[in-house]
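One letter stands for each residue in the lines below.
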Amino acid sequence: MLSTCAAPCARTPVLLGRGSKTSGGRALRRANAARKSAAPKMGRDRRICAVRADAALPESELEEGEIQGIEGYGAISTKPATPLLDTVNVPAHLKSLDMDQLKQVAKELRADLIYNVSQTGGHLGSSLGVIELTVALNYVFDQPEDRIIWDVGHQAYPHKMLTGRRDRMNTMRQTDGLSPFTKRSESPYDCFGAGHSSTSISAGLGMAVARDMQGKSNHVISIIGDGAITGGMAYEAMNNAGYLDTNMIIVLNDNQQVSLPTQYNALNQDPVGALSSTFARLQSSKPLRELRESAKAITKTMPVPVQEVTAKVDEYARGMISGSGSTLFEELGLYYIGTVDGHNLEDLVAILQEVKATRSVGPVLIHIVTEKGRGYSYAEGAQDKYHGVSRFDVATGKQKKPAARAPTYTQVFADALVGEAGKDDKVVAVHAAMGGGTGLNHFEKYYADRTFDVGIAEQHAVTFAAGLAVEGLKPMCTIYSTFLQRGWDQVVHDVALQKLPVRFAMDRAGLVGEDGPTHAGAYDVTFMACLPDMVVMAPSNEAELCHMMATSIAYDEGPSCVRYPRGAGVGVDMEAEGVVFANPGYEGKVLPIGKGRILEQGTDVALLGYGTCTNRCLEAAATLREMGVSVTVADARFCKPLDTELVRDLAKNHGALVTVEEGSIGGVAAPGFQFLP
C-alpha cells in the first residue's frame, strides 16, 4: 500500500469523456486524445510510463549518462552552492539577468529547494515540476502588481523562495513558520490563499473583473494543475471567463501524474518536441492574436450569417496550427496555446512575453507539460514522485520516518473495509482522487471493480454514492474531513433529506498540525450532526474503528459517518478488543446505535470523551487519581444519536461533568447539555 501522504492535495485525474455519446463527451475525448499525442519532448528523452497503485518501481530510474541525486549537483549531502540565486531576494532582481543566467537560477533554485525540503519535509515533487515556470513568471511579470495565483498551493515553494522568503524555508510547516500553501497574511506576493483545489481560475477571474472596473491594467495569471482542473469549479470558472471575455491568463500545468499514481493516467505517449514548440510560439504571436482581434471587431458589424462564416474560418485556421486538445478550451471561449515544454525556459519566457504584450481581449490558456519530481533522480523514479515527503537524506533519497508504534487509522480503515467487502459483495468504495491518502489503493488491490475514483469532485462523489445507494449497494464515500466541506450541500440535499444509506469515512478529522488551518478537520462533527437522520460516530482507538466500520455497513436505515484522525493508532490488542483477522482485512463487531460505554468508574468527576480524545481523558484520570480525585471516564462513541441516558447518569452522579472533543463549537457538548436541566 502506498504510504499515506501528509498533504490532502495528493490527487489524481479522472478519465475524460469515457463512455459518453454527447457532443460534450466527444470534445472531452478529443481533448484527452490530444494529451496523448501532442505532449512536447521533456528536454532529455525521458521514459514516461503508466503505473498502478500497487506497482513496484526501483528507487531510481536513470537514463544513460545521468547521475544520481540532484541534476547538476549529483548525490550531495550538504547544502548546495547557489551563488547566483543568493543575489535574488525579490522577483525584480531577475529582470537584469540573461537567459543563461536565468537557467542557472533555475538550476540553483531546484537544488536549494531539494535541500530545504529534506530538512523539514513537505511537498517536493509538484514544486520541482514548476521550477522553470516559476522563474519565467517572475521574470516576465511584475509582482505584486501583477497577480499570480497558484491553485492548491503545494507547488508554490519555489514561488515563496523567489519572493523574499527563502531564508525562512527552514521554518516550513512549523509553529510560527511558513505555511506550506499560499497565505495572504504571509506575503503581498501571495495574492490569494489556497489549500483546496480548483479555486484559482474563479479567484483570478474575480480579480480581473475588479481590475477592469477600476480602470487598472495589471495582469492576472492563474496556475492550475491537470488534477485540479478535473474539479467542476474550474470548468464553471472557465465557462464564465469565456462568457465575460475578460483578459486573463490561465496556465494549465499538466504533469501527467497529478499527485499520486492512478489507474486512469494515460502516460504512454510519444511527445512532440520542436514542432509543438514552434506551433506554441506561433499561437502566442502578437501579430496573429491582434489580427484575430481586429477581424472579430470588424465582423461584429456584419450580418449574422457572415459572422458565423468568419467564426468558422477562424476556428479551422486555428485548427491548422493546434492539436485537437484545444477544442474543449476554445469551445469554452478561451484562446488555447499549447502544448509547451514546461522545462524549456526559453520557450516559456518567449510565450509569456508575447501573451503579456498582446493587446487583445479575452482569457488565454497556456497548456504546459511538466515532469513531477524533475531534476531529482529519486523523485523521478519514485511511484508518487515524492509528492509529500518526510525529512530525507539528499544523497540517498531515503526518508527519515519514525518507527510506527501501531498501524495508522487510515491503514486500519482500509483493512476493515476489505474485511467487510469480503463478507458483503454490495460494499463499494468511492474516493475523490485520493486513493493513496485514504487507503483505498489498498482496498483496490482486492476489489478493483468495486473501487471508484471520481477525480477532484467531492460534490459528484457524494451524489454518485447516493445513486449507488438507491440501487441497493453499500457505498463507503471516503473523503478527508476538510474536503467533505466542498460536498456538504450534496450531503444535505442528495443524501440526508432522502435518508439514503450512504456511509462517509472522514479521514484527517481534527487538527492536522503541519498542514495548517486549510486542512484542519475541525467542522465535520458540527455540520454532520445537525443533519436529519445522520448517525455520527468517532472511534477512540483502531479496534473501535473496525467496530464502527462494521456498524456503518450493517446500518441501512439512513446515512452514517465515521471520523478518525491522521496518524498512528493507540496500539491496542485488536483480538482482545473483539476484532477478527479475516485474512485479508479486519472484521469488527456491530455496535448498538447511540450507546456509549464506561471505561473507568469513579465518584467525583466524570470525563466524557469523543473519539481519540477519550485517550486524553484516560491520561487525565490517571493524573487526577494521584491527586486523590476519583474519576469516571466514558467514551461517547456516538455524537448522534447521543446516549442521553449515559450523559444524564454522569451528570447526576458526579460533582462535575466535562466533555472532551476535538472540533469547533457544536460538537458533543451541544446536544449533551441541551436536555440537561
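Parameters at a glance
- Residues numbered from 1 in each chain as written.
- Predicted model: local features only at pLDDT ≥ 70, side-chain atom pairs only at ≥ 80, totals over all residues.
- Heavy atoms only, no water.
- Helix = DSSP H or I, 4+ residues; strand = E, 2+ residues; numbered from the N terminus.
- Buried < 20%, exposed > 50% of the residue type's maximum accessible area, 1.4 Å probe, protein only.
- Contact = heavy atoms within 4.5 Å.
- Areas by Shrake-Rupley, 256 points an atom, 1.4 Å probe, with all protein chains shown as cover.
- pLDDT = per-residue confidence, 0-100.
- Salt bridge = Lys/Arg side-chain N within 4 Å of Asp/Glu carboxyl O.
- Pairing = 2+ DSSP bridges.
- Axes fitted to C-alpha atoms, helices over the stretch in contact; angles between N-to-C directions.
- Core = buried A, V, L, I, M, F, W, Y, C linked by side-chain atoms within 4.5 Å.
- Phe/Tyr/Trp six-rings, centres within 6.5 Å; stacked < 30°, edge-to-face > 60°.
- Lys NZ or Arg CZ within 6 Å of the ring centre and 35° of its normal.
- Parallel < 35°, antiparallel > 145°, perpendicular 65-115°, else oblique.
- Left-handed = near helix turned anticlockwise from the far one by under 90°.
- Nonpolar A, V, L, I, M, F, W, Y, C, P; charged D, E, K, R; others polar.
- Right-handed = clockwise from strand over helix to strand, strands pointing away.
- Polar contact = N/O pair within 3.5 Å; in protein donor to acceptor, adjacent residues only side chain to side chain.

A. Summary view of the overall build of the protein chain. Tallying secondary structure elements over the protein chain gives 24 helices and 20 strands in all. A total of 677 residues make up the protein chain; the buried ones form 58% of that total. Counting only contacts in the protein chain whose residues sit at least 6 apart along the sequence, the fraction spanning at least 24 positions is 78%. Put simply, the protein chain shows about 26600 Å² of open surface, and 53% of that area lies on carbon and sulfur atoms.

B. Here's a closer look at the confidence of the model for the protein chain. Residue-level pLDDT values for the protein chain average 81, and 78% of them are 70 or greater. Taken as a whole, residues 258-280 scores under 50 in pLDDT and shows 73 contacts with residues more than four places along the chain or in a different chain. Counted against residues more than four places away or in other chains, residues 315-321, with its pLDDT under 50, gives nine contacts.

C. Quick look at the pattern of salt bridges. Following the criterion strictly, the structure yields 26 salt bridges and no others. With a closest N to O distance of 3.0 Å, Glu132 and Arg110 form a salt bridge. Remark: Arg110 occurs in helix H2 (residues 99-120) and Glu132 occurs in helix H4 (residues 131-140); sequence separation between them is 22 residues. The residues Glu132 and Arg110 share a single accessibility class, namely buried.

D. Structural view of unusual backbone geometry. In this structure, the amide linkage connecting Asn583 to the following residue, Pro584, adopts the cis form with an omega of 10°. As for its placement among the helices and strands, Pro584 is situated in the loop between strand S14 (580-581) and strand S15 (586-587). The linkage connecting Lys640 with the following residue, Pro641, adopts the cis geometry, with an omega of -5°. By the secondary structure assignment, Pro641 is in the loop between strand S19 (638-640) and helix H23 (644-653). Of note in the backbone geometry, Ala433 takes a positive phi value of approximately 65° without being a glycine. Positioned with a positive phi, Asn583 is a non-glycine residue whose angle comes to about 50°. Classification of Asn583 by relative accessible area gives exposed; the value is 73%.

E. Geometry of the sheet that holds strand S4 (residues 248-254). Strand order across the open sheet formed by five strands is S2-S3-S4-S6-S5, with parallel pairing between neighbours. Single-partner strands in this sheet number two, and they are strand S2 (147-150) and strand S5 (335-341). The average undirected angle you get between the axes of adjacent strands in this sheet is 20°. Relative to strand S6 (residues 363-369), S5 runs parallel, the two sharing six bridges. Bridge assignment links Tyr336 to a residue of S6, and that residue is Leu365. This element, helix H6 (residues 200-213), spans S2, strand S3 (220-225) and S4 of the sheet and lies at about 175° to S3. Against the sheet, helix H7 (residues 232-244) touches S3, S4 and S6, its axis set at about 140° to S6.

F. Broad picture of the sheet that holds strand S20 (residues 656-660). Spatially, the four strands line up as an open sheet ordered S16-S18-S17-S20, and their pairing is mixed. Of all the strands in the sheet, just strand S16 (597-600) and S20 have a single pairing partner and so form its edges. Ignoring strand direction, the axes of neighbouring strands in this sheet form an average angle of 25°. Examined bridge by bridge, strand S17 (residues 605-609) and strand S18 (residues 631-635) share five bridges and lie parallel to one another. Considered in S18, the bridge of Val605 is made with Val631. Those strands touched by helix H22 (residues 613-626) are S16, S17, S18 and S20, and its axis lies near 175° from that of S18. Docked against the sheet, H23 engages S16, S17, S18 and S20, running at close to 155° with respect to S17.

G. The arrangement of the nonpolar core in detail. If you look at the biggest cluster of nonpolar residues, it comprises 61 residues, and the most contacted ones within it are Leu124, Leu133, Leu137, Ile366 and Tyr376. The element contributing the most residues to this core is H2, with nine residues. Filtering out sequence-adjacent residues up to four positions away, Leu124 remains in contact with Leu113, Ile114, Val117, Tyr376, Tyr386, His387, Val389 and Phe392. Formed by 47 residues, the second largest nonpolar core is a distinct cluster that contains Met434, Ala457, Ala496 and Leu608.

H. Quick look at the packing of aromatic side chains. Following the criterion strictly, the structure yields 11 aromatic pairs and no others. Measuring from centroid to centroid gives 6.0 Å for Tyr386 and Phe392, while their planes differ by 75°, and the two rings are edge-to-face. Judged by its relative accessible area of 8%, Tyr386 is buried. A relative accessible area of 1% places Phe392 in the buried class. An aromatic cluster is built from Tyr376, Tyr378, Tyr386 and Phe392, whose rings are joined through pairwise contacts. Positioned above the aromatic ring of Tyr73, the side-chain terminus of Lys107 is 5.6 Å from the ring centre.

I. Looking closely at the packing of H2 against H4. Axis separation between H2 and H4 bottoms out at 9 Å; the angle between their running directions is 130°. Looking at the two axes, H2 sits oblique to H4. Where H2 crosses over H4, the handedness of that crossing is right-handed. Two secondary-structure elements touch here, H2 through Leu102, Val105, Ala106, Leu109, Arg110 and Leu113 and H4 through Ile131, Glu132, Val135 and Tyr139. Across the contact of H2 with H4, the residue classes break down as eight nonpolar, no polar and two charged.

J. The pairing of strand S13 (residues 560-563), seen in detail. Of the two faces of S13, the one carrying Ser560 and Val562 and the one carrying Cys561 and Arg563 are both buried. With four bridges connecting them, strand S11 (residues 503-506) and S13 associate as parallel partners. When the bridges of S13 are listed, Arg503 appears paired with Ser560. On the question of chirality, the crossover connecting strand S12 (residues 535-537) to the parallel S13 by way of helix H21 (residues 542-554) is right-handed.

K. Examining the environment of Glu108 more closely. Relative to the helices and strands, Glu108 is located in helix H2. Under the relative-accessibility criterion, Glu108 is labelled buried at 1%. Considering only alpha carbons, one finds Glu108 and Tyr73, 35 residues apart in sequence, at a separation of 9.2 Å. Setting aside its immediate chain neighbours within four residues, Glu108 contacts Tyr73, Ala81, Thr82, Pro83, Leu84 and Leu85. A distance of 2.9 Å separates polar atoms of two side chains, one belonging to Glu108 and the other to Gln104.

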